[in-house]
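Structural overview
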Amino acid sequence: MQVSWNITNQCNMFCDHCYRDAGARLDEELSTEEGKKLIREIKRAGFVMMIFSGGEPLLRPDIFELGDYARQEGLRPVMGTNGTLITPEVARQIKEAGFVACGVSLDSLDAGKNDSFRKLENAYNLTLEGVRNLREAGVRFQLHTTVMEWNVGELEGITEMAVKLGAVAHHIFFLVPTGRAVNIEEEALRVKEYELTLARIMDKQKEVNIELKPTCAPQFMRVADKKGVPLRFSKGCLAGISYCIISPRGDVQPCAYLDMRLGNVREQAFDEIWRHNEILQQLRTMEYQGKCGVCDYRERCGGCRARAAYYRQGDFMAEDPWCLYRPPSYMEMMASG
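The structure reproduced in this document is the subject of the present report. All values reported here derive from a predicted model rather than from experimental measurement. (Residues numbered from 1 in each chain as written. Predicted model: local features only at pLDDT ≥ 70, side-chain atom pairs only at ≥ 80, totals over all residues. Heavy atoms only, no water.)

1. Some points on the overall build of the chain
- Counting its regular elements, the chain contains 13 helices and ten strands.
- The globule rule puts the C-alpha radius of gyration for 337 residues at 20 Å, and the 19 Å found for the chain is close to it.
- The 337 residues of the chain split such that 59% are buried.
- If you take every contact in the chain between residues at least 6 apart in sequence, the share linking residues at least 24 apart comes to 69%.
- Of the roughly 14,100 Å² of accessible surface on the chain, 50% is carried by carbon and sulfur atoms.
- Within the chain, one finds 43 positive and 47 negative side-chain charges whose respective centroids are separated by 4 Å. (Helix = DSSP H or I, 4+ residues; strand = E, 2+ residues; numbered from the N terminus. Rg over C-alpha atoms; globule rule 2.2 N^0.38 Å. Buried < 20%, exposed > 50% of the residue type's maximum accessible area, 1.4 Å probe, protein only. Contact = heavy atoms within 4.5 Å. Areas by Shrake-Rupley, 256 points an atom, 1.4 Å probe, with all protein chains shown as cover. Lys, Arg positive; Asp, Glu negative; His and termini not counted. Charge placed at Lys NZ, Arg CZ, Asp CG, Glu CD.)

Following this line, the structure appears as structure tokens:
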């Protein structure tokens, strides 16, 4: 089980696809002591991994104190960062604070395209420098890429770069229209290209010895099975089942892209929200609608609940419209009228 805390909205970038609409620091972000209380409640809820993200988490002065506290509480702290602020000294502090890994964002092999998307001059070079500093400090890292129409042809090349840099994984995020991403919804892959891209990623997985994981694309479980690619994952969409996210001000939601306020950790303990919230309970039933509800991959894939909600007027239990698969039981049902 893993949980992500956006510890600040502050960021030195202004990326086109940011689900948090990050940039400036928000008023009333959780304090250090509130963060430590949250960490204790996360541990009490049974979580194992805690992701510190943002915004850009390295812009929060107490990031190392909070990471170290999570480690002391028995959690595995990891960091989601754009990498541009990781100097040799910062990399050393990340290591000393006990962060077990960093996920670093890189969206193109073309520096100009990457920097334009990220809205920061020289972002590409700064990110690669940050990655090298992590490697020198002995911090495990992986690359994160958001795939869209303009960079879909670069995925295998970015994977090869990840291998050369010494990354342990390359995680590929499929765009879900949330936050600023609603303004670039037309750049998301459409259904056929979405399926073909999953197949390409699984084919590439056979060639490299680092982990490739499509994110917000739970159908990769089915594609991997079809291609005989072994996976360490047991389910595609984890939203509300073994994953959730907490905003800088303490709002809990099922995942980063399913923008539904379930409660606030200032008003109710996180572990209470996690155990008893009605929406989370509904997600855990896996009683999906349409073909997702009768699919033979219902428990292993689950469809993207955030994409279902966006394209099905807020119905997070609807079928995922981005899936080409036609389950046998669904075809029989359609044939019988």
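Back to the text.
2. With respect to the environment of L38
- The residue L38 is located in helix α1 (residues 32-44) in this model.
- A C-alpha to C-alpha distance of 9.7 Å links L38 and I246, two positions 208 residues apart in sequence.
- When near neighbours in sequence (up to four residues on either side) are disregarded, L38 contacts W5, L30, I246, V265 and F270.

3. Some words on the sheet that holds strand β9 (residues 251-253)
- Pairing within the open sheet is mixed, and its ten strands lie in the order β7-β6-β5-β4-β3-β2-β1-β8-β9-β10. Each of the sheet's edge strands pairs with one partner strand only, and the pair in question is β7 (211-215) and β10 (263-264).
- When strand β8 (residues 243-246) meets β9, the two strands line up antiparallel, connected through two bridges. Within β9, the position partnered with I245 by the bridge is Q253.
- Along the sheet, helix α5 (residues 123-137) makes contact with β4 (101-105) and β5 (140-147), crossing β4 at roughly 165 degrees. (Pairing = 2+ DSSP bridges. Axes fitted to C-alpha atoms, helices over the stretch in contact; angles between N-to-C directions.)

4. Re the packing of aromatic side chains
- A full pass over the atoms with the stated rule returns ten aromatic pairs.
- Where F47 meets W274, the ring centres are 4.8 Å apart and the plane angle is 65 degrees; that geometry is what we call edge-to-face. You can see F47 sitting in the loop between α1 and β2 (49-53) and its partner W274 sitting in helix α9 (residues 270-276), a full 227 residues away along the chain. Comparing F47 with W274, the two get one shared label, buried.
- Residues Y311 and W322 carry aromatic rings whose centres are separated by 4.7 Å and whose planes lie at 20 degrees to one another, so their mutual orientation is stacked. One end of the pair, Y311, is in helix α12 (residues 305-311); the other, W322, is in the loop between α12 and α13 (328-335), and eleven residues separate them in sequence.
- Of the aromatic side chains, those joined through ring pairs into one cluster are W5, F52 and F99.
- The ring of W274 has R284 lying over it, and the distance from NZ or CZ to the ring centre is 4.3 Å.
- Across from the ring centre of Y288, 4.2 Å away, lies the NZ or CZ of R305, which sits over that ring. (Phe/Tyr/Trp six-rings, centres within 6.5 Å; stacked < 30°, edge-to-face > 60°. Lys NZ or Arg CZ within 6 Å of the ring centre and 35° of its normal.)

5. Re the environment of W274
- W274 sits in the buried class, given a relative accessible area of 6%.
- With near-sequence residues (within four places) excluded, W274 lies in contact with M1, A45, F47, G240, I241, S242, Y243, C244, L280 and R284.

6. A look at the pattern of salt bridges
- For the structure on display, the rule yields 22 salt bridges.
- For R300, the salt bridge goes to D225, with nearest N and O atoms at 2.3 Å. Of this pair, R300 sits in the loop between α11 (290-294) and α12 while D225 sits in helix α8 (residues 220-227), placing them 75 residues apart in sequence.
- For D225, a relative accessible area of 33% gives the class partly exposed.
- Residues joined in a network through salt bridges with shared partners are R44, D271 and R275. (Salt bridge = Lys/Arg side-chain N within 4 Å of Asp/Glu carboxyl O.)

7. Side note on the packing of helix α2 (residues 63-72) against helix α3 (residues 88-97)
- Interaxial distance between α2 and α3 falls to 8 Å at its minimum, and their mutual angle equals 25 degrees. Between α2 and α3, the crossing angle belongs to the class labelled roughly parallel. In contact with F64, G67, D68 and R71 of α2, α3 contributes V90, Q93, I94 and A97.
- Considering only residue class, the contact of α2 with α3 consists of four nonpolar, two polar and two charged. (Parallel < 35°, antiparallel > 145°, perpendicular 65-115°, else oblique. Nonpolar A, V, L, I, M, F, W, Y, C, P; charged D, E, K, R; others polar.)

8. Remarks on helix α7 (residues 191-205)
- For α7, with 15 residues, the first-to-last C-alpha span of 21 Å sits near the 21 Å given by 1.5 Å per residue.
- Burial in α7 covers these residues: Y194, E195, T197, L198, A199, I201, M202, K204 and Q205.
- On the buried face of α7, the contacting elements are α6 (155-165), β6 (169-174), β7, α8 and α12. (Expected span 1.5 Å × (residues − 1).)

9. Concerning α8
- Turning to α8, its buried residues are F220, M221, R222, V223 and A224.
- The secondary structure elements touched by the buried residues of α8 are α7 and β7.
- Two residues or fewer past α8, G228 is found with a positive phi of approximately 70 degrees.

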